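Geometric and topological summary
Residues per chain, in single letters:
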Amino acid sequence: MSKPHLELTNVQMAFDTKDGPFVALENVDLKIRKGEFVSLIGHSGCGKSTVLNIVAGLLQATRGGCVLDGHEVNTPGPERAVVFQNHSLMPWLTVYENVELAVQQVFKKTMSKAERKEWILHNLKLVNMDHALDKRPGEISGGMAQRVGIARALAMKPSVLLMDEPFGALDALTRAHLQDSLMKIQQDLNSTVIMITHDVDEAVLLSDRIVMMTNGPAATIGEELRIELPRPRNRVALADHPEYVRYRQAVLSFLYEKQTFPAKGESTEEQKPQARDETSDQPENAVETGKDRVLRIA
Amino acid sequence: MTHTTTLNQADSLSQGQRWLRALTEKVSGINLAEAGRQLLLPAIGIVLFLAFWHAAAPQVQTSLGAFPGPAQVMEQTGQLWQEHSNQRDRAAQFVTMQEKRNERILAENPNAETKIRDYPGAPTFIDQIFTSLGTVLAGFILATIIAVPLGIIIGLNRHFSAAVNPLIQVFKPVSPLAWLPLVTMVVSATYVSDDPMFEKSFLTSMITVTLCSLWPTLINTSVGVSAVNPDLLNVSKVLRLSFWTHVRKVVLPSSVPMIFTGLRVSLGIAWMVLIAAEMLAQSPGLGKFVWDEFQNGSSESLSRIMVAVLAIGFIGFLLDRIMLLIQKKVAWNE
């Protein structure tokens, strides 16, 4: 394998709490090559989001670090575009203006006005959202908004596309639809993707590699599973493909046999949106989001 | 086949009837109930109130006669309007008279300097209303110009917020009457000019209005700015928006709904404070009208004050509606 595109080395993430430091991640090592689709899977609160936020530059690792194309990552930037769980579109901007905000910012100097417009429309077409350019996020469905969120991220021409449970809030049919779109786009653009998911099927269907994380505190990478199913993949054809079933079983076995989740933790899943709200009074500190989420398990 | 044809015929025949029926259903059905809720009940409330007022007012005896009932207030409303139009006529006559005189002078001596003086009569009730509106708008706009930018800074910077928060909490509940003597003295001492652009009394009332009404806008702006969705802040970070773009494109639009709620409360307070300030500062306006009538102590005074009370309430209500309309135009969540 050639020199890795993105490399996390010996990452530790500790948060200061009232009862001293809380170690959320310990010894996380991950190498990702260009064009690879990697899923991070694990139980709630295992620090998947923390890993993603470190790669995004929204969090600084307390030890170790992240290197992208030979440069250390320590601030957020558009070359590591993030698709957030709840689309995170500006509710006061239209679909077009939301993508425009990103394109304006990233390509202000390198593209002419006409080129930018074309590029915005191109990306919205890619996710089949060019029919609703003048709609506000409040006027379209969650699935449509998430498409626009993906278009906005793609429009930044990122080296790595980071997705934090991008389809978690959608219904099963919409999710399947978007997964298929994402698979096609990823294959066409050969983008490097890191995706967090809770969904075993989603992970097996989309990924080249599934990275399974142990439970926190001091979570780390437990196992890695290379998915060598041929592409393009078809969810219906794969449903009873013996290899597919075997991969699925491997992930399930890791999650439910090797890393059984504490019973009381079940409630964490439901409390997560609330945790988000509680942190909203200190929004300038993105660190809080990760910390709060992890602390609930501790 | 025949069946379909009959149906179609029946359809076309009854087109007009169906339309009529739909219309009557709309009028008699949902819309009547809706109209009842929207018009009838408030009308009943108003009528009951007027009846109670009419019955109770004569029971309250004051040194200026019985408390005015709706009829007397109605009469005084007409009276005040009459006085206003009479005044207008006289003012117009006064000006034409001067113009004629000036023409005469100019005819005799083309180089003569001529002047037109304003009518020196006392301001009428209607004039006072417009004076008050002008003062309240000036004070409110000044308050907004101060409160919105300051609120943004407070909302963006936690340290600054911690530093000014105690000051806000202490100054917010201060009554306009307490500020007024201080403002009067400061204005008298600092606003010294041979050819003043504004009356001192206007400045005093306006500044008092500003001091009392800026707090809700200030607090709401700072809360709105500090409560921007953290995911949107992360988007801004990922995009590496510059500080100004961040404020313009993310922070401000996101807090517009909160800012407008603050502005509406501020305008309400500004209007209430203004009346008190005008009474005490003797600056022209509705407050001074009320005070003058009180000092005048004629048998009509109480009715005239009551007209002012209703006018003040009605204008306050209108101001709030206007703000609501602006909010609907400007805010993205309306």
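Residues numbered from 1 in each chain as written. Chains lettered and ligands numbered in written order. Predicted model: local features only at pLDDT ≥ 70, side-chain atom pairs only at ≥ 80, totals over all residues. Heavy atoms only, no water.

Worth spelling out the cut-off: UniProt positions are given in the numbering used here, feature names are shortened, and annotations may be inferred rather than shown by experiment.
The name an unreviewed UniProt entry gives chain A is ABC transporter ATP-binding protein, with Marinobacter confluentis as the organism. In the Sequence similarities (unreviewed entry) part of its UniProt record, chain A is described as follows: "Belongs to the ABC transporter superfamily." According to the UniProt record, the Subcellular location (unreviewed entry) comment for chain A is "Cell membrane".

Digging into the overall build of chain B
Put simply, the rule reads: Strands here are runs of E lasting at least two residues and helices are runs of H or I lasting at least four, both read from the DSSP assignment and numbered beginning at the N terminus. The reference for a compact globule is 2.2 Å times residues^0.38; the radius of gyration itself is calculated from the C-alpha atoms. Per-residue accessibility, obtained with a 1.4 Å probe over protein chains only, is compared with the maximum for each type, and a residue is labelled buried under 20%, exposed over 50%, and partly exposed between these values. For the accessible areas, the method is Shrake-Rupley and the probe is 1.4 Å, while residue cover comes only from the protein chains on display. His residues and chain termini do not enter the charge count, which takes Lys and Arg as positive and Asp and Glu as negative. In plain terms, the charge of a residue is placed at NZ if it is Lys, CZ if Arg, CG if Asp and CD if Glu.
Helices and strands together make up the secondary structure of chain B, namely 12 helices and 2 strands. Taking 334 residues into account, the globule formula puts the C-alpha radius of gyration at 20 Å, and chain B, at 29 Å, lies well above it. Across the 334 residues of chain B, 34% fall into the buried class. Surface accessibility of chain B: about 20,300 Å² in total, with carbon and sulfur atoms responsible for 67%. A gap of 12 Å separates the mean positions of the 24 positive and 22 negative side-chain charges of chain B.

Some words on the overall build of chain A
When its secondary structure is counted, chain A shows 10 helices and 10 strands. Scored against the burial criterion, the 298 residues of chain A give a buried share of 55%. Surface summary for chain A: the accessible area is close to 13,300 Å², and the carbon and sulfur share equals 51%.

A short note on the UniProt feature "domain: ABC transporter" (unreviewed entry) in chain A
The feature "domain: ABC transporter" (unreviewed entry), as annotated in UniProt, sits at residues 6–240 of chain A in this numbering. Secondary structure over residues 6–240 of chain A splits into 34% helix and 26% strand, and the C-alpha atoms at its two ends are 34 Å apart.

Notes on the sheet that holds strand 6 (residues 82–83) of chain A
All names here are of chain A. Formally: Two strands are counted as paired when DSSP detects at least two bridges linking them.
Taken together, 6 strands build an open sheet; the order of strands is 6-7-8-3-9-10 and the sheet is mixed. Of all the strands in the sheet, the pair left with one neighbour each is strand 6 and strand 10 (221–226). One ladder, built from 2 bridges, connects strand 6 with strand 7 (residues 160–164); its direction is parallel. The residue of strand 7 that forms the bridge with Val83 is Met163.

Focus: the nonpolar core
Worth spelling out the cut-off: Put simply, buried Ala, Val, Leu, Ile, Met, Phe, Trp, Tyr and Cys residues joined by side-chain atoms within 4.5 Å make one nonpolar core. Contacts are assigned to residue pairs with any non-hydrogen atoms lying within 4.5 Å of each other.
Among the nonpolar cores identified, the biggest contains 99 residues, and Ile194, Val204, Ile210 and Val251 of chain A are the most heavily contacted of them. In contact with Val204 of chain A, not counting residues within four places along its chain, are Ile210, Ile227, Leu229, Arg233, Tyr244, Tyr247, Arg248 and Val251 of chain A. Residues Ile129, Trp179, Val251 and Leu274 of chain B belong to the second largest nonpolar core, which totals 45 residues.

Things to note about the pairing of strand 1 (residues 6–17) of chain A
All names here are of chain A. Of the strand pairs in this sheet, strand 1 and strand 2 (residues 20–32) are connected by 9 bridges, and their pairing is antiparallel. Across the sheet, Asp16 pairs through a bridge with Pro21, a residue of strand 2. As consecutive antiparallel partners, strand 1 and strand 2 are separated by 2 residues. Across 5 bridges, strand 1 lies against strand 4 (residues 63–68) in antiparallel orientation. Looking at strand 4, one finds that Glu7 is bridged to Val67.

Digging into the interface of chain A and chain B
Going by this rule: Here the quantity called buried area is the accessible surface, traced with a 1.4 Å probe, that two parts lose on coming together, added over both. The salt bridge criterion pairs a side-chain nitrogen of Lys or Arg with a carboxyl oxygen of Asp or Glu, the two atoms within 4 Å. Any pair of nitrogen or oxygen atoms within 3.5 Å is treated as a polar contact; in protein, a donor-acceptor pairing is required on top of that, and neighbouring residues in sequence qualify only through side-chain atoms on both sides. Side-chain classes follow a simple rule in which Ala, Val, Leu, Ile, Met, Phe, Trp, Tyr, Cys and Pro form the nonpolar group, Asp, Glu, Lys and Arg form the charged group, and the remainder, Gly included, forms the polar group.
Taken together, the contact pairs 28 residues of chain A with 21 residues of chain B. Summing the contributions of chain A and of chain B, the shared interface buries around 2,400 Å²; its carbon and sulfur component is 64%. Seen at the junction of chain A and chain B, the total is 1 salt bridge. Between Arg240 of chain B and Glu79 of chain A there is a salt bridge, and its shortest N-O distance comes to 4.0 Å. In this structure, the connection of chain A to chain B is made through 4 residue pairs in polar contact (both at pLDDT 80 or more). In terms of residue count, helix 2 (residues 95–107) of chain A provides more of the side of chain A that touches chain B than any other element does, 4 residues in total. Each residue belonging to the side of chain A that touches chain B can be placed in one class, and the counts come to 16 nonpolar, 6 polar and 6 charged.

Some words on the layout of surface pockets
Residue and element names in this part refer to chain B. This is how the line gets drawn: Definitions used for this entry: grid spacing 1 Å over protein atoms alone; cavity, a set of points where a 1.4 Å probe fits but cannot get out; pocket, an open set with protein on both sides within 12 Å along at least 5 of 7 lines; lining residue, one with an atom within 4 Å of a point. Grid points are joined across faces, edges and corners, and a volume is the space filled by probe spheres set on the points.
Quantified by volume, the largest pocket comes out at close to 600 Å³. Looking at the lining of the largest pocket, the elements with two or more residues in it are helix 3 (30–56), helix 4 (70–108), helix 5 (125–156) and helix 12 (301–330). Ranked by residues supplied to the lining of the largest pocket, first place goes to helix 12 with 8 residues. Looking at the lining of the largest pocket residue by residue, the classes come out as 21 nonpolar, 1 polar and no charged.

Remarks on the sheet that holds strand 2 of chain A
Sheet architecture is open: 4 strands sit in the order 2-1-4-5 (chain A), paired in antiparallel fashion. Each end of this open sheet is capped by a strand with a single partner; those strands are strand 2 and strand 5 (71–72) of chain A.

Points about a nonpolar patch on the surface
This is how the line gets drawn: Without a salt bridge and with relative accessible area above 30%, a residue can belong to a patch; like charges are then joined within 9 Å and nonpolar side chains (Val, Leu, Ile, Met, Phe, Trp, Tyr) within 5 Å.
A contiguous nonpolar patch, built from Phe314, Phe317, Leu318, Ile322, Ile326 and Val330 of chain B and spanning about 560 Å² of accessible area, is present on the exposed surface. Summarising the element assignment, Ile326 of chain B is placed in helix 12.

Focus: helix 7 (residues 176–190) of chain B
Cut-off, in case you're wondering: Multiplying 1.5 Å by the helix residue count minus one yields the expected span of that helix.
Between its first and last C-alpha, helix 7 of chain B extends 20 Å over 15 residues, near the 21 Å set by a 1.5 Å rise per residue. Against the buried residues of helix 7 of chain B lie helix 6 (158–171), helix 8 (200–226) and helix 10 (243–281) of chain B.

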